[in-house]
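# A closer look at the structure
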Amino acid sequence: MFCYQCQEALNNKGCDKSGVCGKSDKVAMLQDAVLYATIGLGEAAHKAKANDDTAGLILHGLFATVTNVNFDAADLESLIYRLVNERETLKKTAAGDVKWSAAASWAPKTYSDIAAVSSRIGVLAQQNEDLRSLRELLIYGLKGVAAYAHHAWVLNETDSALSAGIAEILSELAGNPPADKLLAMVMKCGDLAVKALALLHTANTKHYGAQEITSVPTGTRAGRGILISGHDLKDLEELLIQTEGKGIDIYTHGEMLPANAYPKFRQYKHLAGNFGSSWWKQQEEFENFSGPFLFTTNCIQKPKDSYKNRVFTTGVTAYEGCTHIPDREKGKMKDFSPVINAALASQPLGNNPGKSLTIGFGHEQVMSLAEAVVNAVKSGAVKKFVVMAGCDGRQKEREYFTDIAKALPKDNIILTAGCAKYRYNSLDLGDIGGIPRVLDAGQCNDCYSLAVIALKLKEVFELDDINKLPIAFDVAWYEQKAVAVLLALLALGFKNVRLGPTLPAFLSPNVAKTLVESFGITGTKTVQEDLAAISM
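A few points on the structure.

Calculation notes
Residues numbered from 1 in each chain as written. Predicted model: local features only at pLDDT ≥ 70, side-chain atom pairs only at ≥ 80, totals over all residues. Heavy atoms only, no water. Helix = DSSP H or I, 4+ residues; strand = E, 2+ residues; numbered from the N terminus. Rg over C-alpha atoms; globule rule 2.2 N^0.38 Å. Contact = heavy atoms within 4.5 Å. Areas by Shrake-Rupley, 256 points an atom, 1.4 Å probe, with all protein chains shown as cover. Lys, Arg positive; Asp, Glu negative; His and termini not counted. Charge placed at Lys NZ, Arg CZ, Asp CG, Glu CD. Core = buried A, V, L, I, M, F, W, Y, C linked by side-chain atoms within 4.5 Å. Buried < 20%, exposed > 50% of the residue type's maximum accessible area, 1.4 Å probe, protein only. Axes fitted to C-alpha atoms, helices over the stretch in contact; angles between N-to-C directions. Left-handed = near helix turned anticlockwise from the far one by under 90°. Nonpolar A, V, L, I, M, F, W, Y, C, P; charged D, E, K, R; others polar. Pairing = 2+ DSSP bridges. Salt bridge = Lys/Arg side-chain N within 4 Å of Asp/Glu carboxyl O. Parallel < 35°, antiparallel > 145°, perpendicular 65-115°, else oblique. Arc of directions from axis to C-beta.

So, about the overall build of the protein chain. A tally of helices and strands in the protein chain yields 19 helices and 16 strands. A compact globule built from 536 residues would reach a C-alpha radius of gyration of about 24 Å, and the protein chain, at 23 Å, matches this within 12%. Each principal axis of the C-alpha distribution contributes one length, and for the protein chain these read about 65 × 60 × 40 Å. For the protein chain, contacts bridging at least 24 residues in sequence account for 74% of all contacts bridging at least 6. Surface summary for the protein chain: the accessible area is close to 20,900 Å², and the carbon and sulfur share equals 50%. Each charge class in the protein chain can be summarised by its mean position, and for the 56 positive and 59 negative side chains these summaries are 0 Å apart.

Given below as structure tokens:
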């Protein structure tokens, strides 16, 4: 195996025996094969008539290879055959005499067939370092786009231009394009990322209402409970419906915390708050939760034996040895009765309250505070907005983000989204004239709200360049959704993004140089150095 798609790449170079994330070399090989099959299906979708089901399967194929999503070899192998079968069906509808790539012609029948091509479909199959770097940057950005589009697709919200754009890029990737073509597609991927983020925001607010400023309790209250993690709000909705009146409390975890700010979910009295913190602490924190755990999307770690029998997965997410809840049939809800029965059989939780977290600062809410925010900037009460969104991770170096948050001047406001906030959202950083110094917009996809806030401020202050705003970027990254968000920011015109705790291992020196020269992207340095840069 060789994988360097996430920030935890071994020695910031790449994992070559097993993944730091926990995936085996077999799972890594199967993920490479899933990607290869998805590229072939994308080519067929681009050249033939693809329907919404095909678009959904393409999104599934890309999403299944995102870090910390699918660790189940049997599920991945089954997915490969689904992708290939759908591709062959599509190819029959293509008009004219179409020449198909190797990816669109590959037809594995057994695991041995899949393993036989592993050496020519992995990352290192492209030997030119710069071409490989551009190709992987594009692929990882596309994986992130697909993940966000998949969240919207689950809510029956689609964008034909977005689906067509993803298929077109996959079709181009099937033909091993040159550097200039790859760079152009990277920029196009940024445009697609903006579309995907906007689509998902629209989908979430359409179904669940715009987020509202909300104080969310942490800890537990006496009684039985289920902990739900990930990003899929529809899974949460259906779980809440199926547990209502059963004496089971539902607790959010990790990236599901922002669900507590949506009006529709707040109607459920058994939505009890948030338990735990960032995804990487689950092996420690889950020991203190006696109920079952439901993973709806990425962020799953290898479960410890002490609670593995209480871990359930659903959707794209799977872990070998854990019970998987099948996808919903059309027009029906998923059947969460196995999770519910596990909760009813579990030991009750104790009454262990924690402190409250204030969330719900999506752009709709911030815009309702627009006059106060603008006046605070004009008066000098607010000198700088610091975007500290993105991902969290387990390395000690990430304490940097806590230290930055503590050290920022009292006239700075932190704009955040994603699990990076767990590095500082429990700190008492106060407010500025009633405006909290940490404005939490929600999940990582809600970085879209942060961009909308910035664009609105640009309009209010009548600036000709968004980079003239008093905004600094100090962004944490971990996996491919963060790559998509970064490309979206570049597509919207933002520059001078500081990225940490390390620059991606998949950026070759030449590609990194291009990004620095074109967009001012830099890595994080020391707290003192970066504080000086932020205050400029």
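Turning next to the nonpolar core. Counting residues in each nonpolar core, the largest one holds 155 residues, and the members touching the most others are Ile80, Val145, Ile166, Ile250, Phe265 and Phe385. If we skip the residues at most four places from it in the chain, Ile250 touches Ile226, Ile228, Leu236, Leu239, Leu240, Thr243, His270, Leu271, Ala272 and Gly273.

The subject of this paragraph is the packing of helix α1 (residues 25–47) against helix α7 (residues 160–173). At their nearest, the axes of α1 and α7 sit 7 Å apart, and the two run at 115° to each other. Two packed elements cross with a definite hand, and for α1 against α7 that hand is left-handed. Taking contact as the criterion, the partners of Thr38, Ile39, Gly42, Glu43, Ala45, His46 and Lys47 in α1 are, on α7, Ala167, Glu168, Leu170, Ser171 and Leu173. Here the residues of the contact of α1 with α7 sort into five nonpolar, four polar and three charged.

Before going further, it helps to spend a moment on the sheet that holds strand β16 (residues 522–523). Strand order across the open sheet formed by six strands is β13-β10-β9-β14-β15-β16, with parallel pairing between neighbours. Of all strands in the sheet, those bounded by a partner on one side alone are β13 (438–440) and β16. With three bridges connecting them, strand β9 (residues 384–387) and strand β14 (residues 471–476) associate as parallel partners. The residue bridging Val386 from the neighbouring strand is Ala472, located in β14. Lying over the sheet, helix α15 (residues 399–407) contacts β10 (412–416), β14 and β15 (497–500), oriented at roughly 155° with respect to β14.

This part takes up the pattern of salt bridges. Once the charged atoms of two side chains with opposite charge are near each other, the side chains can pair. Applying the stated criterion to the full structure yields 25 salt bridges. The partner of Arg266 in a salt bridge is Glu212, with the nearest N and O atoms 2.6 Å apart. With Arg266 in helix α10 (residues 263–266) and Glu212 in the loop between α8 (179–208) and β1 (214–220), this residue pair connects regions lying 54 residues apart in the sequence. Assessed through its relative accessible area of 33%, Glu212 is described here as partly exposed.

Interhelical geometry of α7 versus α8 gives an angle of 155° and a closest axis separation of 10 Å. On the basis of their axis angle, the class for α7 and α8 is roughly antiparallel. Of the two possible hands of crossing, α7 and α8 adopt the one that is left-handed. Residues Ala161, Leu162, Gly165, Ile166, Glu168, Ile169, Glu172 and Leu173 of α7 form the contact with α8, whose participating residues are Lys181, Leu182, Met185, Lys188, Cys189, Leu192, Lys195, Ala196 and Leu199. Along the lines of polarity and charge, the residues of the contact of α7 with α8 split into eleven nonpolar, one polar and five charged.

A negative phi angle characterises most non-glycine residues, just as the trans form characterises most peptide bonds. The peptide bond linking Gly500 to Pro501 adopts the cis configuration, its omega dihedral lying at 10°. The residue Pro501 is located in the loop between β15 and α18 (509–519) in this model. With phi around 55°, Asn12 is a residue other than glycine that occupies positive phi space. Within the fold, Asn12 resides in the segment before α1. Even without glycine at this site, Glu462 takes up a positive phi of about 55°. Examined against the element boundaries, Glu462 turns out to sit in the loop between α16 (447–460) and β14. Classification of Glu462 by relative accessible area gives exposed; the value is 74%.

Below, the discussion takes up helix α12 (residues 337–344). Buried within α12 are the following residues: Val339, Ile340 and Ala343. Each buried residue of α12 lies within a common arc of 100° when the element is viewed along its axis, so the set occupies one face. Next to the buried residues of α12 lie β2 (224–229), α9 (233–243), β3 (248–252), β5 (293–295), β6 (311–314) and β7 (323–325).

Below, the discussion takes up the side chain of Gln301. As for its position among the elements, Gln301 is in the loop between β5 and β6. With a relative accessible area of 3%, Gln301 lands in the buried category. When near neighbours in sequence (up to four residues on either side) are disregarded, Gln301 contacts Trp279, Trp280, Lys281, Gln282, Gln283, Tyr319 and Arg394.

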